[in-house]
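# An overview of the molecular structure
Listed below, chain by chain, are the residues.
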Amino acid sequence: MNRKVTVVGGAGNVGATVARAIAEKGLADVVIIDIAEQKAAGVALDIYETCPIIGSDARVVGGTDWNAAAGSDIVVVTSGKPRKPGMSRDDLVRDNFEIMKSIAPNIVQHCPDSIVVPVANPLDAMSQALYRLTRFPRERIIGMAGVLDSARMSTFIAMELNVSVQNVHSFVLGGHGDTMVPLPRYSTVSGIPITELLPPDRVEAIVKRTASGGAEIVSLLKTGSAYYAPSSSTAEMVDAVLKDKHKILPCCCYLEGEFGIQGLYVGVPAQLGAKGIEKIWEIKLTDTERAALHKSADAVRELVTILKV
Ligand SMILES: NC(=O)c1ccc[n+]([C@@H]2O[C@H](COP(=O)([O-])OP(=O)(O)OC[C@H]3O[C@@H](n4cnc5c(N)ncnc54)[C@H](O)[C@@H]3O)[C@@H](O)[C@H]2O)c1
């Protein structure tokens with residue numbers, strides 16, 4: 001029997017691109033659930049029709065009927081409004097919380113054993129909302145943001161040093177917002193920290209550009225927000241879980257004292273495998289890095305306090 005991944009909000013930009021990535025890699029059958037019923041069916045059929053060309057045996061269906069999602073291994077949640085120019089991710093909190101409230105019971109009913117990958121923004125607060133609403137264990141609710149933020153940082157480092165992106169490994173922790181914490185000390189080119197390769201002002205410029213990486217795309221696109229890199233990032237997490245890779249990726253996880261943070265979803269290095277989060281890697285931080293992580297966590301806590309989740 002094929003594995004199954006459901007993408008809620010899969011008729012939208014991020015969701016459709018995630019669905020396509022999963023189907024084209026042949027990782028699993030894909031079910032697209034979206035309130036835009038016709039569009040969901042159309043997007044699914046269009047993606048299905050790429051499979052003979054790519055040589056993938058994935059089956060792809062779409063609609064509003066959650067029965068199709070039954071028994072999914074993974075549920076990716078991209079249902080949520082994207083921001084417009086001038087908006088912060090936090091401005092979406094109330095509208096997207098309502099969407100989480102409407103889909104959580106369906107996840108619990110139809111996909112009780114699934115691993116959930118929230119993507120909708122504000123990411124940390126929506127992850128916390130789905131954790132509280134589904135009551136799934138923390139190992140099975142893993143937010144996507146850090147993979148994207150790290151990919152953005154890696155791109156900027158590769159551009160700066162004119163090296164292959166494959167030589168670059170970046171580390172970004174914290175909430176998925178302006179307070180995110182890119183860690184230059186742990187960001188390397190062929191194992192060498194960028195702090196040894198670039199002057200402090202260039203490192204600082206990369207850190208700043210990373211933290212506003214989403215807003216940069218929003219201001220260029222004018223309508224909607226980024227979706228190619230976000231969907232590739234989500235597909236990487238799906239791949240790590242379905243293939244039980246034991247892969248360490250920066251993920252938004254519920255912390256129970258790790259890094260001195262209690263009862264909150266924040267981005268940290270996590271090892272992903274078939275059961276979801278296998279381990280949170282509590283790397284050593286300097287006092288300044290730790291303070292930045294706590295400041296970022298405080299910003300997330302403000303939002304979840306508004307939602308009372
Ligand atoms: N975590 C990240 O790093 C990251 C990156 C990019 C985008 N995002 C977020 O992902 C979300 C989606 O972005 P997008 O560009 O795809 O937006 P979009 O508007 O293109 O797609 C959203 C989809 O969700 C659907 N939807 C709304 N309510 C629903 C419900 N109750 N059930 C099922 N489907 C529902 C809509 O019909 C639409 O098709 C946004 O919140 C955006 O901010 C997060």
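Residues numbered from 1 in each chain as written. Predicted model: local features only at pLDDT ≥ 70, side-chain atom pairs only at ≥ 80, totals over all residues. Heavy atoms only, no water.

## A word on helix α6 (residues 146-161)
Spacing of three or four residues puts side chains on the same side of an α-helix, whose turn is 3.6 residues. Helix length check: α6, at 16 residues, gives a terminal C-alpha distance of 22 Å against a target of 22 Å (1.5 Å per residue), a fit within 8%. Every buried residue of α6 is listed here: G146, V147, L148, D149, S150, R152, M153, S154, F156, I157 and A158. Where α6 ends, the next residue or the one after it, N162, has phi of about 55°, a positive value. (Helix = DSSP H or I, 4+ residues; strand = E, 2+ residues; numbered from the N terminus. Expected span 1.5 Å × (residues − 1). Buried < 20%, exposed > 50% of the residue type's maximum accessible area, 1.4 Å probe, protein only.)

## Some words on the packing of aromatic side chains
With the rule as written, the count across this model stands at 5 aromatic pairs. Each ring, one from Y254 and one from Y265, has its centre 5.5 Å from the other, and the planes form 50°; the classification is tilted. One end of the pair, Y254, is in strand β11 (residues 247-256); the other, Y265, is in strand β12 (residues 262-273), with 11 residues separating them in the sequence. Among the aromatic residues, ring-to-ring pairing joins Y131, Y254 and Y265 into one connected group. Directly above the aromatic system of Y186 lies the positively charged group of R185, at a separation of 4.8 Å from the ring centroid. (Phe/Tyr/Trp six-rings, centres within 6.5 Å; stacked < 30°, edge-to-face > 60°. Lys NZ or Arg CZ within 6 Å of the ring centre and 35° of its normal.)

## Topic: the environment of G146
Position of G146 among the secondary structure elements: in helix α6. Distance in space between the C-alpha atoms of G146 and H294 is 16 Å, their sequence separation being 148 residues. Not counting the four nearest positions on each side in its chain, G146 is found in contact with V172 and P250. (Contact = heavy atoms within 4.5 Å.)

## A short note on the site of the ligand
Near the ligand you find 27 residues, and of these V14, D34, K81, V119 and M144 are the closest. At 2.9 Å, a backbone N or O of N13 approaches an oxygen atom of the ligand. One of the backbone N or O atoms of V14 is found 2.8 Å from an oxygen atom in the ligand. In isolation the ligand exposes 870 Å². Once the protein is present, 87% of that is buried. Listing elements by their share of the shell around the ligand, those giving two or more residues are α1 (13-24) and α4 (93-110). (Near = heavy atom within 4 Å. Polar contact = N/O pair within 3.5 Å; in protein donor to acceptor, adjacent residues only side chain to side chain. Areas by Shrake-Rupley, 256 points an atom, 1.4 Å probe, with all protein chains shown as cover.)

## Looking at the nonpolar core
What tends to happen in soluble globular proteins is that the nonpolar side chains get buried as a cluster. Counting residues in each nonpolar core, the largest one holds 88 residues, and the members touching the most others are V5, I74, V76, M237 and L272. Ignoring anything within four residues of it in the chain, the contact list for M237 reads V117, I142, G143, M144, V147, L249, C251 and L272. Within the second largest apolar cluster, 14 residues are counted, among which are A158, V172, I194 and I206. (Core = buried A, V, L, I, M, F, W, Y, C linked by side-chain atoms within 4.5 Å.)

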